[in-house]
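# Remarks on the overall topology
The chain contents come next:
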Amino acid sequence: MRAPLSWLREYVELPAGETGRDVQAKLISAGLEVETVEQLGAGLKGPLVVGKVLTIEELEGFKKPIRFCTVDVGDANGTGEPQEIVCGARNFAVGDKVVVVLPGAVLPGDFQIAARKTYGKTSHGMICSGEELGMGDDGSHGIIVLPPEHEAGTDAIELLELVDEVLDIAVTPDRGYALSLRGVAREAAIAYGVSLRDPALIDVPAPNAFGYPVKVADPVGCDRFTARTVTGLDPEARSPIWLQRRLQKVGMRPISLAVDITNYVMFELGQPLHAYDRSRLDGPIGVRRALPGEKLTTLDDVERTLDPEDLVITDNSGAIGLAGVMGGANTEIAAPATDPETGAVSGTTEIVIEAAHFAPVAIARAARRHKLASEASKRFERGSDPLATSAAAQRAVDLLTGLAGGTADAGVTEVVSPSAPRTVSMAADHPDRVAGTEYGRETVVRRLQEIGCDVYGSDELIVTVPSWRPDLAFPNDLAEEVIRLEGYETLPSTLPRPPAGRGLTASQRLRRRVGRALAGAGYVEAPSYPFVGAEVFDHFGLDADDPRRRTVIVANPLSDTEPGLRTTLLPGLLATLRRNLGRGAHDLALFETGLVFRPTGDETVPPRLPVDRRPTDEEIARLQEALPGQPRRVGVVLSGARERAGWWGAGAPATWADAVEAGRTVAREAGVELIVRQDQHAPYHPGRCAALYAVVDGAETLVGNAGELHPRVTKALGLPERTCAMELDLDQVERAGGARPTGPRVSTFPVATQDVALVVDTAVPAADVERALREGAGELLESLRLFDIFTGEQIGEGRKSLAYALRFRAPDRTLTADETTAAREAAVAAAHASTGAVLRGA
Amino acid sequence: MSAPNKSYDPVEVEALKPEEIERMRDAALAAIAAAGDLDALAHVKTAHTGGASPLALANREIGALPPQAKAEAGKRVGQARGAVNKALAGRQAELEAERDARVLVEEAVDVTLPHDRRPAGARHPLTTLSERIEDIFVAMGYEVAEGPEVESEWFNFDALNISVDNPVRSEQDTFFVQGADGTEDSGVVLRTHTSGVQIRSLLDREPPVYVIAPGRVYRSDELDATHTPVFMQVELLAVDEGLTMADLKGTLDHMVVSLFGEGMKTRLRPNHFPFTEPSAEMDMVCYVCRGDSVGNPDRPCRTCSSEGWIELGGCGMVNPKVLVACGVDPRKYSGFAFGFGIERMLMFRHSVEDMRDIVEGDVRFTLPFGMEI
């Protein structure tokens, strides 16, 4: 809402010299968000005067038509002689009154005016367009042509009200009344503690039976409809400058007198009006819901198919307007047209004014349904003042008769569904209890009266809220009014005393540890957007029925190629990896922790639950069933060197082993030992893919994968060869862990070390050998570590030798050589039994 | 060692003459002083203190002396040996120090060499800033609450007093989840705020409820220097008996002091949100200029555009309608809530100028933030 300060001052006696910025500060602290104060005519300096065009000489031979004019500017040029001016505009004729800026003047934008030679003539000034004067669009696309009554030489800065300040206010949805000068003025009056001259407080004639007939078939959608008629209008009448200027300042383009007047009254009072050309109306005006399939061409020349829920204005011909949103083209006020032969001007001479109150929800839905947000719908859907309709209609009648020479018809139609004023009861100290400070009853009552409430009662207040404040319905609404008017800045600052807390949950602590552990291991956290398309899954080489292809689909995605939500973290991580590589990075290790979205396929449409009570547990469960699975994952990607080469020696490339180790790093933080198995799983290299298992609730469960990406995948994604990745279900890992470690008893007896080299088939996983050794070695085994792998002729084709260091120790004695040997032999025997391992050289 | 001399010779033993002991001692001391390195010293040691050394032999002779001579001879030999051992130890220390100095110089390295063998990683500042904020409230007794990012409309809108016809609902740039029939009408959205978590918290717990809800939220804005369709939010909810706007103000003040230091404060400005009544916009004093740039064109502040205040987010007293929808009696309980975007706070707390740097995952952006913020 734009509110010109000059217009505001008409209703509120602001202190003299109060600037727009001063008013801005006052209104902001009262809760009106004044975003900017526009300084109209800033830097403007005259002489800028009315001129009368005396002669026009068309200059030939230039790329565009140019006119050399003489203009009478009265005494403004000091000589009284005609002013010679070159002008490129064509929308004026000899005798027209125009706006002339003379040498020495400065136009907005520091545009210095001086006599200058142009097109072979000297131009002593300029004939101005609205744009050059910073007036906004007047729709003329040329210079300003003034009404003929203004004298040449008159100061145009004052005439055109060029210097002003305009407050631009972001009005919150609850305060529709502030979408009017009346509403802004009311707030300003309270803020300054002065009285308001309410423009809606005007005399209106009582309704009678001979006004234009109106039939409201839907009193719920329309509880008030005022119709007034004005006849004998001069179709040539134009909006006066002051009216045009006010509309321009609030951001509306002047169109025609009748339309300008309806807009003017809407901005003044907040009541949208509609003007019908009475000669084009066919029978009584009606208000009803649209018929199925009914069509209406609105003022913007769009034919719209109406919805049975749409509220429409009708006459005998059918729908003539989408109520409260936009009128129909068929009853539009006719633009004045001049008969080329007689010179007579024809146009609308009889107007029916509609001032109605519509149900906010009906208007909001219609505007949304037809994607048609208008100045009218904006006000109706926020709740207009139902008691303002007759005053608004009267204002329009007054302006039409005053400016277009019309006569007000004596008929006054008012269709009203009776309703009682709304009251809210509230404890007098409720605002105090909400604010945490003491205002006292007297202040509370005074503040409520200031905003237009009637207040009765002592401890329990009965508050009748004003008709323009449909948002005031509950005690807290009233408390807010009191608190904001007293000033939020006066609130004390106190701290509540919450009950003692228990800190972060185990899951939250785990997530932090995982982040620190991975960052400590050289990974950089890189959260990515969760949006994915099918293409990445094609690149991944996923089967057509791979569950990862079944994504949650966003109905209105930012990008049509990525309408889905991620089912794995890898697409986002790999995209981030590629972005970093593209920017010149080489050795990268990234991680991300976040939710993935796994539709179950059994999602239901959630019930539309009420909000006037707590939903039942069953209802909450049904809401939950509508949602996809949203497990938390952690993923890493690696490429380039894991360890760099340098003066210390060679580096090491990031490999599948680093990826698996990243998984172990995560699991370790949860106190979980991962079980690693060979796997084949897209998008991984079929020979370099690990399945990661953990024991969850007693059962070995697949919790993730790790390894090197398939060469086809890296190629398709434009990534370096041997890029590696890992992804784990953090929720599952968390469930697998959490056991409190028991403090070990540390033996101080000596350790006995035994090395064994075992030869197995290449295909035998080292993990199997290790597991067998551990089982076989028994309780005396303190630790076991694979320290070498050897292949070669001595071992034989298809065989490998695994060298382990075994450390034995007893808690209560020094082991004898026999004991140690026996344990070692038992370990080797177990390995032989389960993997076929034989001692090397045996 | 020889056996004790029982039939001792009453004649004085040659070796034990005082001048003879002195000579042995002096020879030993001279040899010690002359030893040029530790090896030479080792030889000297053997020669002058070993079992076959003159002093050792002399010592052995003491036993052969008559009892009346033993004491004096023993004392004389003992003193000589003591002097030799002392000189030996001293020389040993001297030579070791010399050797050490020489060898350690040879072993010297250039300690300024870089060792970026495995460069450090880092956590994303959005994560760590969120944790930092969580910790402030956890220290006060709050719980950190979480919920789903794909959320039903009832939790995201309805329960928060954002009815289907509330203009706010269409103004929130919501991502809608497509229903099974391909329409937008699935009743499920990508959550536009973490307020749904507040509702879940109220349904899960009996008041008093003090929770902070950080998390990812979604609005269908295109990514640019100041907007991102996916961002992090922190919301707070307190529901208890007798909570007031003053408590809200105090809690906000405490937060900005904890995050930005002493002297920081907040300001509330009236605003409107469906889920709070009264509602307010919250600002904090610009932590860079502390308001000094206001009306001071010589010292403009880029962080707050010389406004002196930085807009943080929205807040207010929980609308009683929200409490009713969660089965909390608004006559007994009241509450306050606030919410703000972490990206924005990261931007002004750490002078980040472009939102894209925060969301694109460039390691050069993230690394300087390290493990904590």
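Cut-off values and rules
Residues numbered from 1 in each chain as written. Chains lettered and ligands numbered in written order. Predicted model: local features only at pLDDT ≥ 70, side-chain atom pairs only at ≥ 80, totals over all residues. Heavy atoms only, no water. Helix = DSSP H or I, 4+ residues; strand = E, 2+ residues; numbered from the N terminus. Rg over C-alpha atoms; globule rule 2.2 N^0.38 Å. Buried < 20%, exposed > 50% of the residue type's maximum accessible area, 1.4 Å probe, protein only. Contact = heavy atoms within 4.5 Å. Areas by Shrake-Rupley, 256 points an atom, 1.4 Å probe, with all protein chains shown as cover. Lys, Arg positive; Asp, Glu negative; His and termini not counted. Charge placed at Lys NZ, Arg CZ, Asp CG, Glu CD. UniProt positions renumbered as here; feature names shortened; annotations may be inferred. Arc of directions from axis to C-beta. Domains from an automatic or database assignment. Pairing = 2+ DSSP bridges. 1 Å grid on protein atoms, 1.4 Å probe; cavity = no way out; pocket = protein on both sides within 12 Å on 5 of 7 lines; lining within 4 Å. Points joined across faces, edges and corners; volume = space filled by probe spheres on them. Nonpolar A, V, L, I, M, F, W, Y, C, P; charged D, E, K, R; others polar. Polar contact = N/O pair within 3.5 Å; in protein donor to acceptor, adjacent residues only side chain to side chain. Buried area = accessible area lost by both parts, 1.4 Å probe. Salt bridge = Lys/Arg side-chain N within 4 Å of Asp/Glu carboxyl O. Axes fitted to C-alpha atoms, helices over the stretch in contact; angles between N-to-C directions. Parallel < 35°, antiparallel > 145°, perpendicular 65-115°, else oblique.

## So, the overall build of chain B
Looking only at helices and strands, one finds 13 helices and nine strands in chain B. Here chain B has a C-alpha radius of gyration of 43 Å; the compact-globule value for 373 residues is 21 Å, and the former is much larger. Principal-axis analysis of the C-alpha atoms gives chain B an extent of 130 × 55 × 50 Å. Here chain B holds 373 residues, and the buried ones make up 53% of them. Taking as baseline every contact in chain B between residues at least 6 positions apart, the subset at least 24 positions apart corresponds to 68%. Accessible surface for chain B amounts to roughly 16,500 Å². Of this, 51% is attributable to carbon and sulfur atoms. Side chains of chain B give 38 positive and 60 negative charges; the mean places of these two sets differ by 11 Å.

## Quick notes on the UniProt feature "binding site: Mg(2+)" (unreviewed entry) in chain B
UniProt records the feature "binding site: Mg(2+)" (unreviewed entry) at E277 of chain B, using the numbering of this structure. Inspection of the secondary structure puts E277 of chain B in strand β7 (residues 276–285). A relative accessible area of 7% means that E277 of chain B is categorised as buried. Apart from the residues within four sequence positions on either side, E277 of chain B is in contact with N476, D477 and E480 of chain A together with M317, V318 and N319 of chain B.

## What about the environment of S346 of chain A?
Residues and elements named next belong to chain A. When you line up the elements, S346 lands in strand β24 (residues 345–346). Judged by its relative accessible area of 43%, S346 is partly exposed. Considering only alpha carbons, one finds S346 and P336, ten residues apart in sequence, at a separation of 5.7 Å. Contact partners of S346, with chain neighbours within four places excluded, come to P235, A335, P336 and A337.

## With respect to helix α16 (residues 617–625) of chain A
Residue and element names in this part refer to chain A. Taken as a whole, α16 has its buried residues at E619, I620 and L623. All buried residues of α16 lie within an arc of 100° about the axis, which places them on one face of the element. The exposed residues of α16 that point more than 90 degrees off its buried face are D617 and E618.

## Quick word on the domain arrangement of chain B
Split by domain assignment, chain B resolves into domain 1 (14–107) and domain 2 (125–369). Domain 1 of chain B and domain 2 of chain B are separated by 85 Å when their C-alpha centres are compared.

## Some details on the pairing of β7 of chain B
All names here are of chain B. Where burial is concerned, most of β7 is hidden: ten out of the ten residues are buried. With seven bridges connecting them, strand β6 (residues 266–273) and β7 associate as antiparallel partners. By the bridge assignment for β7, T266 is matched with M284. Between the end of β6 and the start of β7, which pair antiparallel, lie two residues.

## Description of the layout of surface pockets
Residue and element names in this part refer to chain A. Here the second largest pocket is characterised by a volume of approximately 1,700 Å³. Around the second largest pocket, the lining is made up of 37 residues, and of these R664, V676, A766, A767 and E770 lie nearest the centre. At the level of elements, α17 (656–669), β37 (675–678), β38 (684–696), β39 (699–709), α20 (766–777), β42 (781–790) and β43 (799–808) are the ones that each hand at least two residues to the lining of the second largest pocket. Of the residues assigned to the lining of the second largest pocket, the class counts are 20 nonpolar, four polar and 13 charged. For the lining of the second largest pocket, the domains that each give at least three residues are domain 5 (506–596 + 631–737) and domain 6 (752–839).

## Some remarks on the side chain of R123 of chain B
As for its position among the elements, R123 of chain B is in the loop between α4 (67–106) and α5 (125–140). Within the local environment of R123 of chain B, its side chain forms a polar contact with the side chain of E131 of chain B, the two groups lying 2.6 Å apart. Those residues in contact with R123 of chain B, other than ones at most four positions away along the chain, are R511, R512, G515, R516, A519 and E525 of chain A together with T128, E131, T366, F369, G370 and M371 of chain B.

## Observations concerning the interface of chain B and chain A
Each partner contributes to the interface: chain B provides 102 residues, whereas chain A provides 98 residues. Between chain B and chain A, a total of about 8,300 Å² is buried, with carbon and sulfur atoms accounting for 57% of that surface. Summed over the three residues of chain B that lose the most area to chain A, namely R117, D165 and P270 of chain B, the buried surface amounts to 8% of that side. Note that E134 of chain B and R512 of chain A form a salt bridge whose closest N and O atoms lie 2.9 Å from each other. Counting across the chain B and chain A interface gives 41 residue pairs in polar contact (both at pLDDT 80 or more). At eight residues, helix α9 (residues 245–260) of chain B tops the list of elements feeding residues into the side of chain B that touches chain A.

## Structural notes on the pattern of salt bridges
All names here are of chain A. Using the criterion set out here, one finds 83 salt bridges over all chains in the structure. D768 is paired through a salt bridge with R771; the nearest N and O atoms lie 3.6 Å apart. With D768 and R771 both in helix α20 and three residues apart, the pair spans about one turn of that helix. Assessed through its relative accessible area of 37%, R771 is described here as partly exposed. For E782, the salt bridge is made with R807, and the minimal N-O distance between the two is 3.8 Å. A residue pair is termed long-range when its members are at least 10 positions apart, and E782 in strand β42 and R807 in strand β43 qualify at 25 residues. A relative accessible area of 40% means that E782 is categorised as partly exposed. Through salt bridges with shared partners, one network takes in R175, E187, R469, D471, E481 and R484.

## A few points about empty space enclosed by the protein
Within the structure shown, the criterion is met by five cavities of 30 Å³ or more. Considering only enclosed or pocket space, the largest cavity measures out at about 660 Å³ in volume. Lining the largest cavity are 35 residues, with R511, T593 and R632 of chain A together with T127 and M232 of chain B positioned closest to its centre. Only α13 (506–520) and β33 (588–595) of chain A together with α5, β4 (209–218), β5 (230–240) and α12 (355–359) of chain B provide two or more residues apiece to the lining of the largest cavity. The calculated volume of the second largest cavity comes to roughly 130 Å³. The leading source of residues in the lining of the second largest cavity is helix α4 (residues 181–192) of chain A, at three residues. Considered class by class, the residues forming the lining of the second largest cavity number four nonpolar, seven polar and four charged. Residue contributions to the lining of the second largest cavity reach at least three from each of two domains, namely domain 1 (2–41 + 165–192) and domain 3 (214–416) of chain A.

## Comments concerning the domain arrangement of chain A
Residue and element names in this part refer to chain A. According to the domain assignment, chain A contains domain 1 (2–41 + 165–192), domain 2 (48–162), domain 3 (214–416), domain 4 (431–458 + 467–489), domain 5 (506–596 + 631–737) and domain 6 (752–839). The gap between the C-alpha centroids of domain 1 and domain 4 is 21 Å. Tallying the contact residues gives nine residues for domain 1 and nine residues for domain 4. Summing both partners gives a buried area of about 880 Å² for domain 1 against domain 4, and 51% of it is carried by carbon and sulfur. Among the residues domain 1 hides against domain 4, the three largest losses belong to Y177, R186 and I190. Together they make up 52% of the total. Our count for the contact surface shared by domain 1 and domain 4 stands at one salt bridge. Measuring nitrogen to oxygen at the nearest pair gives 2.9 Å for the salt bridge that ties E187 to R484. Ranked by the residues each element gives to the side of domain 1 that touches domain 4, the list is headed by α4, at four residues. A class-by-class count of the residues in the side of domain 1 that touches domain 4 yields three nonpolar, one polar and five charged.

## Things to note about the packing of helix α2 (residues 20–29) of chain A against α4 of chain A
Residues and elements named next belong to chain A. Running from N to C, α2 and α4 cross one another at 90°; their axes reach a closest spacing of 9 Å. With respect to α4, the axis of α2 lies roughly perpendicular. Within the contact between the two elements, α2 uses D22, V23, K26 and L27 and α4 uses V184, E187, A188, A191 and Y192. When its residues are assigned to classes, the contact of α2 with α4 shows six nonpolar, no polar and three charged.

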